[in-house]
Amino acid sequence: MFLMNTYPRKDIAFVRGENSCLFDKNGKRYIDFLSGIAVNTLGYSHQKLKNALKNQIDNILHTSNLYENPWQEEVASKLISFFGESGKVFFCNSGTEANEAAIKLTRKYFKDKGQDKYRIITFKGGFHGRTMGSLSATPRPNLHQGFEPMLDGFDYAEFNDIDSVKSLITEKTAGIMIEAIQGEGGINEANLDFLKALENLCKENNVLLILDEVQAGMGRTGKFFAYQHAGIKPDIITMAKGLGSGLPIGAVIAKDEVAESFGVGTHGATFGGNALSCMAASITLDEIPSLMEQIPSKEVIFRKALEHFGLLKGKGLMLGLDIKKDCKEISNELHKRGLVINCTATSVLRMLPPLVITKEEIEEGLDILTSTLKEFL
Ligand SMILES: Cc1ncc(COP(=O)(O)O)c(C=O)c1O
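To start, this report covers the structure provided alongside it. The structure displayed is predicted, hence computed values, not measured ones. (Residues numbered from 1 in each chain as written. Predicted model: local features only at pLDDT ≥ 70, side-chain atom pairs only at ≥ 80, totals over all residues. Heavy atoms only, no water.)

Observations concerning the state of the cysteines
The final tally for this structure, using the stated rule, is one disulfide. Here C327 is linked by a disulfide to C343, with a sulfur-sulfur distance of 2.2 Å. Its torsion about the S-S bond being 90 degrees, the disulfide of C327 and C343 is classed as right-handed. Of the two residues, C327 sits in the loop between β14 (318–322) and α11 (328–336) while C343 sits in strand β16 (residues 342–344), which places them 16 residues apart along the sequence. Between C278, a cysteine without a disulfide, and C92, which holds the nearest cysteine sulfur, the sulfur-to-sulfur distance is 11 Å. (Disulfide = S-S within 2.5 Å. Helix = DSSP H or I, 4+ residues; strand = E, 2+ residues; numbered from the N terminus.)

Quick look at the nonpolar core
L79 and I176 are the most contacted members of the largest nonpolar core, which has 55 residues in total. Residue assignment for this core shows that the elements contributing at least two residues are α3 (70–83), β5 (119–123), β7 (173–178), α8 (192–205), β10 (208–212), β11 (236–239), β12 (250–255) and α10 (275–306). Those residues within four positions of L79 in sequence are excluded, and the remaining contacts are V89, F91, F224, M239, L243, A251, I253 and L285. Membership of the second largest hydrophobic core comes to 38 residues, among which are L276, L291, I341 and I368. (Core = buried A, V, L, I, M, F, W, Y, C linked by side-chain atoms within 4.5 Å. Buried < 20%, exposed > 50% of the residue type's maximum accessible area, 1.4 Å probe, protein only. Contact = heavy atoms within 4.5 Å.)

A few points about the packing of α10 against helix α12 (residues 359–376)
Packing of α10 against α12 brings their axes to within 10 Å, and their N-to-C directions diverge by 15 degrees. One way to sum up the angle between α10 and α12 is to call them roughly parallel. Where α10 crosses over α12, the handedness of that crossing is right-handed. Here S297, K298, I301, F302, A305 and L306 of α10 lie close against α12, whose contacting residues are K359, I362, E363, L366, L369, T370 and L373. (Axes fitted to C-alpha atoms, helices over the stretch in contact; angles between N-to-C directions. Parallel < 35°, antiparallel > 145°, perpendicular 65-115°, else oblique. Left-handed = near helix turned anticlockwise from the far one by under 90°.)

Focus on the site of the ligand
G95, T96, E179, D212 and Q215 are the nearest of the 13 residues found near the ligand. Note that a nitrogen atom of the ligand is positioned 3.3 Å from one of the backbone N or O atoms of F127. (Near = heavy atom within 4 Å. Polar contact = N/O pair within 3.5 Å; in protein donor to acceptor, adjacent residues only side chain to side chain.)

Thoughts on the sheet that holds β12
Ordered by their spatial adjacency, seven strands build an open sheet running β4-β12-β11-β10-β7-β5-β6, and the pairing between neighbours is mixed. At either end of the open sheet lies a strand with only one pairing partner, and these are β4 (87–92) and β6 (154–157). Averaged over all pairs of adjacent strands, the angle between strand axes in this sheet comes to 20 degrees, irrespective of strand direction. In the packing of helix α4 (residues 95–112) onto the sheet, contacts are made with β4, β5, β6, β7, β10, β11 and β12, and the angle to β11 comes to roughly 160 degrees. Docked against the sheet, α8 engages β5, β7 and β10, running at close to 165 degrees with respect to β7. (Pairing = 2+ DSSP bridges.)

Some points on the pairing of strand β1 (residues 14–18)
Across four bridges, the pairing between β1 and strand β2 (residues 21–24) is antiparallel. Looking at β2, one finds that G17 is bridged to L22. Adjacent in sequence and paired antiparallel, β1 and β2 are bridged by two residues, among which N19 carries a positive phi angle near 50 degrees.

Points about the layout of surface pockets
Here the second largest pocket is characterised by a volume of approximately 770 Å³. Lining of the second largest pocket is provided by 26 residues; of these, Q72, V89, F90, F91 and F262 occupy positions nearest its centre. Mapped onto the lining of the second largest pocket, the elements with two or more residues apiece are α3, β4 and β12. By residue class, the composition of the lining of the second largest pocket is 12 nonpolar, 10 polar and four charged. (1 Å grid on protein atoms, 1.4 Å probe; cavity = no way out; pocket = protein on both sides within 12 Å on 5 of 7 lines; lining within 4 Å. Points joined across faces, edges and corners; volume = space filled by probe spheres on them. Nonpolar A, V, L, I, M, F, W, Y, C, P; charged D, E, K, R; others polar.)

Thoughts on the pattern of salt bridges
Taken as a whole, this structure holds 21 salt bridges when the rule is applied. Its salt-bridge partner being R119, residue D152 comes within 3.1 Å of it at the nearest N-O pair. Of this pair, D152 sits in the loop between α6 (141–144) and β6 while R119 sits in strand β5; the two residues are 33 residues apart in sequence, bridging distant segments of the chain. Note that K315 and E189 form a salt bridge whose closest N and O atoms lie 2.8 Å from each other. Of the two residues, K315 sits in strand β13 (residues 311–315) while E189 sits in strand β9 (residues 188–189), which places them 126 residues apart along the sequence. Put simply, E74, K78 and D286 are held in one network by salt bridges that share partners. (Salt bridge = Lys/Arg side-chain N within 4 Å of Asp/Glu carboxyl O.)

Quick word on the side chain of Q72
By the element assignment, Q72 lies in helix α3. From its side chain, Q72 meets the backbone oxygen of G272 in a polar contact 3.0 Å long. Not counting residues up to four positions away in its chain, the partners in contact with Q72 are N65, F91, G272, G273 and C278.

Here we look at the packing of helix α2 (residues 47–59) against α10
Contact pair α2 / α10: the axes reach a minimum separation of 9 Å and the direction vectors enclose 155 degrees. Comparing their axes, α10 and α2 come out roughly antiparallel. As for the relative orientation of α2 and α10, their crossing is right-handed in sense. On the side of α2, the interface is formed by K48, L49, A52, L53, Q56 and I57, while α10 contributes A275, L276, M279, A280, I283, D286 and E287. Taken together, the residues of the contact of α2 with α10 break down into nine nonpolar, one polar and three charged.

Below, the structure written as structure tokens:
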């Protein structure tokens, strides 16, 4: 009644979680194959996370970025070790903010070098967020509608088509920004060769490679960052969603030389990397390596059950089943039967469960899914 009508909300109110299950206000139990759209990495019963957060609440929630922040230092050092190169981190609160920071950093890096390069190539089917910069980077006319004009400086290439990218590169091109697996676009994987070719193209043309890992990162695909399957080395990486296991936190990693362009006063975020969010991120990052080890065997369970129902796309615990027809109705039915799942790109049933989901929970969810698919397809 008092909310702006920006979301197509289902008529279900979840009030409690347990392991990787949700309970609505009537006490009905659901298996969670969505984790709040790739957010609740550690599910709902992670005692270590809960204890650390309770303790942090008793100490302090927020101190501002005007003072030293040991929690940020700790999370940044863990992120850099996953990155595997030397680099620096900037904290914000969401995916779109991380991408805004990446866009600004890319522009500033070339300005600082005295080069007039500011344009960024992004990809059709991609999604980078809803604020004006990230929205302009998102090639979706339906999302732009009513908000025009978009910001200048973005060129849209075909996904997985290196010639299309080449044809857009000019001396003004500063960056190429891509999701290694497009999430909102319907779980579309970038070919590993394509990612390698992009890396080379960036090197040849003095262009920064920016990986949007907001949805695919944080161990979800079996590597900490999804681009790591291709063995490439981006210049800037953005992340959010699963980083805080439910607390809002976003981050940008940039290689040292690029990071230098964010000097004092150039960029900021009041809440970015506050004590509570960083505590959540710190615990999440500690847990991810052991969870990643279990991802291939969990993926196999999904694949075995679903592959013959349609095109199963994605990697690890970021999967999409393209059922080649509108999946809204089936998604509603699945919720009625106790499975939380999402329908994206019209015909793709998207699965992004908590990384802690157990094999038993996966099987229980898949039983609901496969029996329903048999009726509907
Ligand atoms: C790849 C990607 N980038 C950016 C965003 C925007 O993140 P947020 O909603 O936290 O602003 C999303 C959200 O779905 C995303 O999937």
